[in-house]
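Structural overview for review
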Amino acid sequence: MSRRTLVVTAAAWLLLAVGGCGEGGPQLDALRADPLADYRPPGAREVETSADPESDGGVLGKPREARFEHLYAVTDSPANVFDDALGAAKAAGWTVERADSGTVALLVKNLATGRASATITLLESPAGLPEGVSPPALSIVLTHRR
Amino acid sequence: MSPHGRWYFVLPFLVSVALIAGGSPATARAASPLKVVQLGDSYSAGNGAGDYYGPKDCYRSTSSYARLWVSSLKTAHNVTFINRACSGGVLDNLDHRRSMGETDVNVYVPSTVEKDDPGARRQAEQSGRCASPYRDDESFELSPYAAVPQLGGTVVYFKCKRYMNPQWDVVDKSADIVLMTVGGNDVRFADIVAECFVVGIRDPHECKDKVDEANRDMPGLAQRIEDFLKRLKARMRPDAKILLLSYPFLEKDENLTLGTEVFGIGTRYDVGRQVRAVGRAGDEMQRGAVNAVNAEDGARVTFIDDIKTLFAGHEPDGRVCCQNDSRWLHEPTDSTIRYEWYHFNRSGHDAIGGLLGGFGDFGAGHSATSTAAGIDVVFAIDTTGSMGNSINAVKQTATQLINDVSAQTTSARFALIDFRDYASRTGSPGDYPAKLDADFTTQGATVAAAIQDLSLGYGGDTPETMFSALHMAYGLTWRAGVKKLVVVLSDAPPLSPEPISGLTANQVLQESLAIDPVELHLVDVGSATTTELTDIAQQTNGGVYDSSSSGAAQQISDAIDRSIDQPYAWVQGPYVGKVGDTKTLDGSGSYGIGSEIVSYEWDLDGDGNTDVTSATPTLEHTFDAAIDALVTLRVTDGQGRTGLATTPVRISDDGDEVARDVDNCPDVANPGQEDEDGDAVGDVCDPTPGFPTKDLPGVYEITTAAAAPTPSPSAPAPSAPRPTTPKAKMKAKANVKLSKLRLSANGRRLTVRVRCTTKARCTGRLAAKLGRTTFRVSYRVKGGKTATVALTLPRKARTSLSRRPQKVTVTATTSAGARTVHTVRLARHTLRG
């Protein structure tokens with residue numbers, strides 16, 4: 001390995017470490033570290049990822065819970081995509097609170113940093129979808145509870 | 001519920017409230033208890049109404065719409081009103097505790113100790129820096145984390161974590177009505193307001209993102225609300241009511257549109273229409289949840305969906321130029337308290353109070369044939385060697401005793417503690433000062449079983465650690481608005497003062513009084529009675545009873561029965577204000593059981609002496625000096641039986657509950673200590689608080705001439721805006737700088753250095769645009785510091801980058817109102833240090 005490669009690799013690891021600390025609070029980091037945050041449903045195309053760290057007070061002084069979301073445009077059978085996501089959540093240790101509608105699943109899990117909830121939603125209307133994305137879409141939202 | 005407005009209710013309601021305020025409600029009527037519990041978020045807590053009290057950051061107001069409404073019910077009911085709503089509350093906080101952050105507490109011990117030293121802990125507990133007067137509402141966890149030798153002694157450092165208890169802890173079968181607003185914070189209402197309406201922060205791109213997020217969160221929230229309402233309903237009596245209120249629209253002009261132009265590319269977003277659509281979707285979501293709940297067993301939940309109609313024309317004006325003179329929600333220039341922005345002002349609270357007043361009591365309420373208040377009972381039993389016969393007597397009838405109490409009340413909870421003495425004092429390793437055998441439960445069988453499991457220890461000499469047992473009992477989570485008892489069974493006096501714990505009689509008395517109070521009933525089967533215990537029992541409205549061992553169970557039963565038959569006392573506090581304020585102390589929620597209340601005795605300064613006695617339940621009193629104490633009300637019925645209630649009274653120089661030596665605006669009430677620019681001068685008294693006054697560069701308004709609805713002439717006038725710095729004179733600050741955009745983690749992450757250029761912490765959001773994909777992350781950087789913030793690239797963006805170099809634009813929108821843009825061309829191989 002050349003000296004240059006070594007330097008670049010070391011710098012990359014350093015950046016990764018520093019970046020990991022700087023991008024949010026411990027609760028957001030805990031959400032991102034959950035296997036469900038890395039899950040990619042087959043038959044779906046990633047549209048958007050958003051991450052909000054916990055906050056003690058925003059513009060209106062309101063505290064905010066850490067939230068992490070993946071949004072996918074569904075290209076395969078919506079029911080299959082939803083079921084696969086629900087199965088992945090269970091496999092990742094999430095406990096189903098409710099999933100009787102076939103379009104919304106509510107789940108909970110105790111993370112090292114505290115309680116968290118997950119909501120898997122099959123969006124069948126355009127409301128809430130970015131421009132250029134048509135329903136159906138799949139939203140997986142992880143929220144850390146305060 | 002009709003979707004039409006109910007203006008005709010408003011005026012009569014205001015007149016009735018005015019009449020009530022002018023004189024005390026008549027007392028010569030049968031008792032008619034009505035317990036009303038408020039849960040939820042800031043709209044229910046009372047943000048915007050002023051006159052704040054209670055736990056920090058909750059912004060509960062004595063002028064909230066619910067207070068106004070329950071005032072109108074006092075002519076017909078003895079109302080116990082309990083507000084557990086708290087600013088920022090989400091649905092999860094209703095049935096789970098909520099973390100409110102942590103603070104540092106340190107104490108000095110003049111000797112060398114470890115961090116777990118009990119004396120250091122006691123000192124920290126008694127410092128009052130990890131406690132509040134709102135004992136049934138907040139809880140605290142004190143954890144030592146370091147002990148540092150210093151000045152010949154040790155400084156022990158603690159973390160103090162503060163929590164709001166689950167809001168619904170106060171909801172049980174004694175509750176008649178629960179009303180609430182909830183769900184707004186779950187869809188991040190505050191972010192929508194900030195990104196769509198607040199000048200200097202708003203941005204059409206961010207607004208759209210927040211609106212989209214809210215829309216995506218709505219289906220899941222609907223099911224969560226439905227599930228919660230079902231569980232809430234199960235906690236209440238079948239005839240009790242649940243009221244869920246909707247929210248108003250947030251913008252007067254549906255046609256308000258924001259535009260932005262970045263790098264010559266213009267975008268428009270019809271914020272007025274889209275945010276209103278979210279509001280309507282929220283109504284539909286809540287209506288659906290309520291309908292699903294009511295489909296089970298009838299209409300027990302009422303969705304008050306008239307709020308948007310009621311507020312038509314009274315919403316804020318989101319334009320930079322103008323204000324809505326008929327607004328019923330605060331616009332940002334009305335207040336330097338950010339918690340109040342886009343929340344009801346006094347007129348808004350009046351209007352909703354009037355709306356609810358039109359429905360009266362919603363058919364709720366029940367008679368006081370027995371105590372309607374519910375009851376919490378802790379059995380504290382001496383289990384030293386000499387207590388065998390007495391405990392056996394109690395074991396034989398424990399189940400019957402508990403069942404009898406449960407049958408007499410609407411809601412009973414029991415707990416069990418037993419006490420002995422310190423093992424280090426008795427030499428018996430099986431001894432202990434106090435042990436919690438069963439925490440509060442409505443399952444009487446659980447406590448009865450715990451009583452059966454009691455075993456005897458040794459105990460050594462005669463005095464026992466009864467104070468430790470009482471201290472432990474007072475540390476349990478007691479309910480507000482119920483009768484509270486500790487029943488002690490012992491044959492030995494307390495160790496006083498207690499060694500090791502340092503507990504004194506006065507300390508346990510004060511702890512008891514602070515919990516509204518907890519009555520002390522001592523069943524003495526030997527020589528337990530002391531002057532101190534008799535005094536505590538008397539001051540807490542309890543009693544001392546001599547008994548034989550075999551009669552112990554009967555004496556316990558009689559003591560509880562006596563308490564159940566005593567009047568229920570309630571003071572509608574707490575009372576928070578500034579020196580010179582006149583408060584109406586309200587004991588009208590009190591009622592007698594089978595006998596009317598004939599006398600109200602007030603101790604106004606917590607010194608144990610009655611200051612005023614009257615035959616009416618309300619008392620006007622001017623507090624002419626600062627005080628932090630308990631107001632005590634003792635009510636007496638026609639048979640001479642008494643009931644006791646306490647509530648905190650906190651009168652200060654400026655009217656907030658912040659100690660003057662740490663108050664960033666010591667002469668003006670600012671309970672939240674907001675300091676936008678971080679200059680250590682609270683916004684309320686800072687001539688340049690630092691709020692942005694101009695839109696972000698490139699952001700502009702597009703409004704049409706469409707006329708807003710004309711407010712009804714019967715509408716109450718809006719409250720006068722507070723004197724604040726006009727929008728045009730405020731100065732926006734760009735407080736972050738972006739640099740060094742890099743790809744890392746083999747192209748999976750985009751990192752950017754964010755430097756916070758002010759003293760205050762910089763917070764905001766980064767939005768990175770790469771091709772057609774936008775991805776975002778929030779940032780938080782300490783003042784004067786630089787942090788590297790990373791964004792995870794979506795797979796699509798990574799794939800796109802791997803094909804060709806592309807321009808990446810990162811926009812930092814700060815909560816201080818500035819926007820910074822940084823652009824660079826990146827390729828997958830742009831992996832640099």
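Residues numbered from 1 in each chain as written. Chains lettered and ligands numbered in written order. Predicted model: local features only at pLDDT ≥ 70, side-chain atom pairs only at ≥ 80, totals over all residues. Heavy atoms only, no water.

**Description of the packing of aromatic side chains**
Residues and elements named next belong to chain B. Per the stated rule, a full pass over the model turns up 17 aromatic pairs over all chains. Centre to centre, the rings of Y65 and F344 are 6.4 Å apart; their planes meet at 80°, and the pair counts as edge-to-face. Linking Y65 in helix 3 (residues 65-73) with F344 in the loop between helix 9 (307-310) and helix 10 (346-357), this pair joins segments that are 279 residues apart in sequence. There is no split in this pair, since Y65 and F344 are both buried. (Phe/Tyr/Trp six-rings, centres within 6.5 Å; stacked < 30°, edge-to-face > 60°. Helix = DSSP H or I, 4+ residues; strand = E, 2+ residues; numbered from the N terminus. Buried < 20%, exposed > 50% of the residue type's maximum accessible area, 1.4 Å probe, protein only.)

**Observations concerning the pattern of salt bridges**
The full count for this structure, using the stated rule, is 67 salt bridges over all chains. The salt bridge partner of R300 of chain B is D297 of chain B, with a shortest N-O separation of 3.8 Å. R300 of chain B gets classed as buried once you look at its relative accessible area, which sits at 11%. With a relative accessible area of 42%, D297 of chain B lands in the partly exposed category. What emerges from the salt-bridge pattern is a single network uniting E48, D52, R64, R67 and E69 of chain A together with R188, D191, K210, E213, R216 and D217 of chain B. (Salt bridge = Lys/Arg side-chain N within 4 Å of Asp/Glu carboxyl O.)

**Some remarks on the state of the cysteines**
All names here are of chain B. Evaluation of the coordinates by the stated rule reveals five disulfides over all chains. Two residues, C665 and C685, share a disulfide whose sulfurs are 2.2 Å apart. Within this pair, whereas C665 is found in the loop between strand 25 (642-652) and strand 26 (699-702), its partner C685 is found in the loop between strand 25 and strand 26, the two being separated by 20 residues in sequence. Judged by relative accessible area, which is 2%, C665 ranks as buried. What makes C685 partly exposed here is its relative accessible area of 32%. (Disulfide = S-S within 2.5 Å.)

**With respect to the packing of helix 15 (residues 505-513) of chain B against helix 16 (residues 531-539) of chain B**
The relative placement of two packed helices is expressed as an angle between their axes plus a distance between the axes. Residue and element names in this part refer to chain B. Running from N to C, helix 15 and helix 16 point in directions that differ by 15°, and their axes come no closer than 10 Å. Considered as vectors, helix 15 and helix 16 are oriented roughly parallel to each other. At the point where helix 15 passes helix 16, the crossing takes the right-handed sense. Note on element contacts: helix 16 touches helix 15 through E532, I536 and Q539, opposite A505, V508, L509 and L513. Residues that form the contact of helix 15 with helix 16 fall into these classes: five nonpolar, one polar and one charged. (Axes fitted to C-alpha atoms, helices over the stretch in contact; angles between N-to-C directions. Parallel < 35°, antiparallel > 145°, perpendicular 65-115°, else oblique. Left-handed = near helix turned anticlockwise from the far one by under 90°. Contact = heavy atoms within 4.5 Å. Nonpolar A, V, L, I, M, F, W, Y, C, P; charged D, E, K, R; others polar.)

**Concerning the sheet that holds strand 7 (residues 153-164) of chain B**
All names here are of chain B. Taken in spatial order, the three strands of this open sheet run 5-7-6, and their pairing is antiparallel. The sheet is open, and its two edges are formed by strand 5 (98-109) and strand 6 (138-150), each paired on a single side. Between one strand axis and the next, the sheet turns by 20° as a mean value, whatever way the strands run. As paired strands, strand 6 and strand 7 are joined by 12 bridges and run antiparallel to one another. Along strand 7, the bridge assignment pairs S143 with K159. Here helix 5 (residues 118-126) sits on the sheet in contact with strand 5, strand 6 and strand 7, set at roughly 120° to strand 5. (Pairing = 2+ DSSP bridges.)

**Section: the interface of chain A and chain B**
A common way to report how large an interface is uses the accessible area buried once the components associate. With 59 residues of chain A at the interface, the matching set in chain B holds 62 residues. Summed over both sides, the interface between chain A and chain B buries roughly 5,000 Å², with carbon and sulfur atoms accounting for 48% of that surface. Looking at the side of chain A facing chain B, the largest losses of area belong to V59, L60 and K62 of chain A, adding up to 15% of the total buried there. Notably, a salt bridge pairs E97 of chain A with R224 of chain B, separated by 3.5 Å at the nearest N-O pair. Counting across the chain A and chain B interface gives 18 residue pairs in polar contact (both at pLDDT 80 or more). For the side of chain A that touches chain B, the secondary-structure elements that each account for two or more residues are helix 1 (3-22), strand 1 (44-52), strand 2 (67-74), strand 3 (95-98), strand 4 (104-111), strand 5 (114-123) and strand 6 (137-144) of chain A. (Buried area = accessible area lost by both parts, 1.4 Å probe. Polar contact = N/O pair within 3.5 Å; in protein donor to acceptor, adjacent residues only side chain to side chain.)

**Brief notes about the confidence of the model for chain B**
Residue and element names in this part refer to chain B. Per-residue confidence for chain B averages 87 on the pLDDT scale, and 86% of its residues sit at or above 70. Within chain B, the lowest mean pLDDT, 39, falls on helix 1 (residues 7-22), and the highest, 98, falls on strand 17 (residues 519-524). Between residues 829-833, whose pLDDT stays under 50, and residues either more than four places distant or in other chains, the model counts 11 contacts. Across the predicted assembly, pTM comes out at 0.83 and ipTM at 0.87. (pLDDT = per-residue confidence, 0-100.)

**Re unusual backbone geometry**
All names here are of chain B. A cis geometry characterises the amide bond from S496 onward to P497, with omega recorded as -10°. Topologically, P497 is positioned in the loop between strand 16 (483-490) and helix 15. Here the bond from D516 into P517 is cis, since omega is -25°, no more than 30 degrees from zero. On the secondary structure map, P517 appears in the loop between helix 15 and strand 17. You will see that N541, though not glycine, has its phi angle at about 70°, which is positive. On the secondary structure map, N541 appears in the loop between helix 16 and strand 18 (543-546). If you check the backbone angles, Q673 has positive phi at about 55° while not being a glycine.

**A closer look at the pairing of strand 1 (residues 33-40) of chain B**
Residues and elements named next belong to chain B. Along strand 1, eight of the eight residues are buried, which leaves the element largely enclosed by surrounding structure. Inspection of the sheet shows strand 1 paired to strand 4 (residues 78-83) by six bridges, in the parallel sense. When the sheet's bridge partners are listed, P33 is paired in strand 4 with N78. Sheet analysis places strand 1 next to strand 8 (residues 177-181), joined by five bridges and oriented parallel. Bridge assignment links Q38 to a residue of strand 8, and that residue is L179.

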